[in-house]
Amino acid sequence: MKELPLINRAHAYGKTAAIRSDSTEFTYEELLERSATLAATLLIDANDLDEARIAFLAPAGFDYVATQWAIWRAGGVVVPLCLSAADPELEYTLSDSETSSVVTTRELSTKVEALCQRLNIPLLIIEEMESASKNPLPEVDSSRRAMILYTSGTTSKPKGVVTTHTNNQAQIETLVEAWEWQATDCIPLFLPLHHIHGIINVLCCGLWKGATVETFPQFEIDTILNRVAADAYSLFMAVPTIYVKLISKLESLTDEERANIIHGFANMRLMVSGSAALPASVHEQWTDLTGQKLLERYGMTEIGMALSNPFHGERRPGAVGQPLPKVEIRLKSEKNELVTAEDEPGEIQVRGPGVFHEYWNRPEVTEESFDNGWFRTGDMAVIETGYYRIMGRLSVDIIKSGGYKLSALEIEAVLLQHTAIRECAIIGLPDDTWGEKVAAAVVLEEGEMLDIEALRSWCRDKLSNYKLPKQLLIVESLPRNAMGKVTKPAIRELF
Ligand code: MLC
Ligand code: AMP
């Protein structure tokens, strides 16, 4: 039977370690076996899930990957859930994706049990999924939908980005080729597994090539640095905030404590930064500390990775390089004209097999986001002596904080539910560690008071941790332009 390429390739890797967590290793063979059992359990009443959406909440590790592969092998669409999501966010994801069942671990089940009951969605516990069924798994064509990742944007609620297996495969092959992934590679995975950076760039690329992926529940800096010092890794991929945190950690250590860690970093064959702008100063500091020249690349949930500094050749601080294999890029000016010259800014538009299939259940939004077959990223760039440089985003309502894309509108909609708040505006303030940090300017109702701690604790059961405002400014009124529209640049000046 024809299997999906990612699964099919795994047979050849047999007893190699695919996943390493807490010093336990799981081989490719074990992954194939466990995912087949889980797939059979998911298929208890059917021969094929026929693109049913199966959401899952699992920490990074063997269970996560076995569940992901099981859903794919059973013909379903994976909807990975955010571990730190608040209840309303989980409810939105399950409802919007029209999820037909949720899979989780026993430990995490309390987080979704009541919600699944309320929404009448079956909840499956991974540890209890043992199937006696020996029904053959369906043949799943690569053109079918594979994954929905929720991404914030210029709409108040996140949109589900649907990719097919073909899209995912193209995104993987692009990176495997450009960054010369090897079966001997070992990479730490500490990024959240409901976003493309962790899922495609680290996990799927590693498993595609037969490498070993060492998982951590989150960015546990001390544990990870111990492993770096033990020379455990050949590759490292992270968001800029992580490099900033690593630099300040390394600077806090004595020369002796630092020596092995620096050696471990220096020995890696490649270190990559992406998901947000890497300040040139951080790039240079990292080289001074470790001798490694970070490779910065640019991507997006909807398109996979698009631009990258070269694996061989000049890695230029402040720039994101050139189009990756199989990715076509063009720049469109404000006047909607093609930019052909260097030093002229334009919106990045992307075409290629890695570009997503659709926004789930949003045909009009999908259509509007393309210009004659080219995906409009909303990011501005310029070409300078052959390399693209990202200049910023077209929308002020999109914030990138710690590598997470946040919608100002989504946070504003939540804040407006607070009885003390009459009006509010969320902006991203520049921040050395987080890139941008979420800041709120609010107009209070008559006689009300509010401080940042009270606001954050009120928000906590409504928004994930990383979306909570970090700064609060109480204003008499929000600055508006002649049309009555709130002007965010003017708000930024108030902080
Ligand atoms: C957390 N904190 C923040 C914050 N997030 N403060 C300001 N801004 C933020 N965004 C605060 C917390 O409130 C807490 O404060 C303290 O920092 C520690 O919180 P934490 O959550 O424990 O932080 P940490 O674990 O260190 O997380 C940092 C991080 C994480 C960088 C590891 O944010 C992360 O994993 N980011 C990666 C996201 C990602 O993968 N994006 C890729 C999307 S895909 P206190 O006071 O309570 O201690 C994409 C496409 C592409 O973008 O191109 O790749
Ligand atoms: P997401 O929607 O979470 O996938 O985030 C994608 C966005 O992250 C892009 O549209 C860019 O705005 C931003 N981004 C990713 N990589 C970079 C980079 N290297 N430099 C600047 N911005 C980046």
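What comes next concerns the included structure. (Residues numbered from 1 in each chain as written. Chains lettered and ligands numbered in written order. Predicted model: local features only at pLDDT ≥ 70, side-chain atom pairs only at ≥ 80, totals over all residues. Heavy atoms only, no water.)

**Looking at the overall build of the protein chain**
Then, number 1: Tallying secondary structure elements over the protein chain gives 15 helices and 26 strands in all.
Then, number 2: For 495 residues, the compact-globule estimate of 2.2 N^0.38 gives 23 Å, and the C-alpha radius of gyration of the protein chain, at 23 Å, lies within 12% of that figure.
Then, number 3: Overall, the protein chain is about 70 × 55 × 50 Å in size when its C-alpha atoms are taken along their principal axes.
Then, number 4: Classification of the 495 residues of the protein chain by burial places 59% in the buried group.
Then, number 5: Restricting the contact set of the protein chain to residue pairs at least 6 apart, pairs at least 24 apart contribute 66%. (Helix = DSSP H or I, 4+ residues; strand = E, 2+ residues; numbered from the N terminus. Rg over C-alpha atoms; globule rule 2.2 N^0.38 Å. Buried < 20%, exposed > 50% of the residue type's maximum accessible area, 1.4 Å probe, protein only. Contact = heavy atoms within 4.5 Å.)

**Structural notes on the packing of helix H1 (residues 5-13) against helix H7 (residues 196-209)**
Then, number 1: Interhelical geometry of H1 versus H7 gives an angle of 50 degrees and a closest axis separation of 8 Å. The orientation of H1 relative to H7 falls into the category oblique. Taking contact as the criterion, the partners of Pro5, Leu6, Arg9 and Tyr13 in H1 are, on H7, Cys204, Leu207, Trp208 and Lys209.
Then, number 2: For the contact of H1 with H7, a count of residues per class yields 6 nonpolar, no polar and 2 charged. (Axes fitted to C-alpha atoms, helices over the stretch in contact; angles between N-to-C directions. Parallel < 35°, antiparallel > 145°, perpendicular 65-115°, else oblique. Nonpolar A, V, L, I, M, F, W, Y, C, P; charged D, E, K, R; others polar.)

**Some remarks on the site of ligand 1**
Then, number 1: What surrounds ligand 1 is a group of 24 residues, the closest being Ser275, Arg297, Lys400, Ser401 and Gly402.
Then, number 2: At 2.5 Å, a side-chain N or O of serine 275 approaches an oxygen atom of ligand 1.
Then, number 3: In the model, a nitrogen atom of ligand 1 is placed 2.8 Å from a nitrogen or oxygen of the serine 401 side chain.
Then, number 4: Relative to its unbound accessible area of 1100 Å², ligand 1 is 73% covered by the protein chains.
Then, number 5: Of all elements in the fold, only H7, helix H9 (240-252), strand E13 (295-300) and strand E22 (398-401) reach the threshold of two or more residues within the shell around ligand 1.
Then, number 6: Within the shell around ligand 1, the residues separate by chemical class into 10 nonpolar, 9 polar and 5 charged. (Near = heavy atom within 4 Å. Polar contact = N/O pair within 3.5 Å; in protein donor to acceptor, adjacent residues only side chain to side chain. Areas by Shrake-Rupley, 256 points an atom, 1.4 Å probe, with all protein chains shown as cover.)

**A few points about the side chain of threonine 215**
Then, number 1: Position of threonine 215 relative to the elements: it lies in strand E10 (residues 212-215).
Then, number 2: Accessibility expressed as a relative area gives 5% for threonine 215, which makes it buried.
Then, number 3: A distance of 2.7 Å separates the side chain of threonine 215 from the side chain of serine 21, its partner in a polar contact.
Then, number 4: Residue contacts for threonine 215: discarding those within four places in its chain leaves Ile19, Arg20, Ser21, Ala60, Gly61 and Leu189.

**Digging into the site of ligand 2**
Then, number 1: Around ligand 2, a shell composed of 16 residues is seen, among which Glu296, Arg297, Thr301, Asp379 and Lys405 lie nearest.
Then, number 2: Contacts to ligand 2 include aspartate 379, whose side-chain N or O atom sits 2.5 Å from an oxygen atom.
Then, number 3: Compared with its free state, where it exposes 500 Å², ligand 2 has 94% of that area covered by protein.
Then, number 4: At the level of elements, E13 and strand E21 (387-393) are the ones that each hand at least two residues to the shell around ligand 2.
Then, number 5: Ranked by residue count, the leading element in the shell around ligand 2 is E13, at 5 residues.

**Overview of unusual backbone geometry**
Then, number 1: Even without being a glycine, lysine 326 presents a positive backbone phi close to 70 degrees.
Then, number 2: Relative to the helices and strands, lysine 326 resides in the loop between strand E15 (322-323) and strand E16 (328-332).
Then, number 3: A positive phi angle, close to 55 degrees, is found at asparagine 372, a residue other than glycine.
Then, number 4: A relative accessible area of 72% means that asparagine 372 is categorised as exposed.

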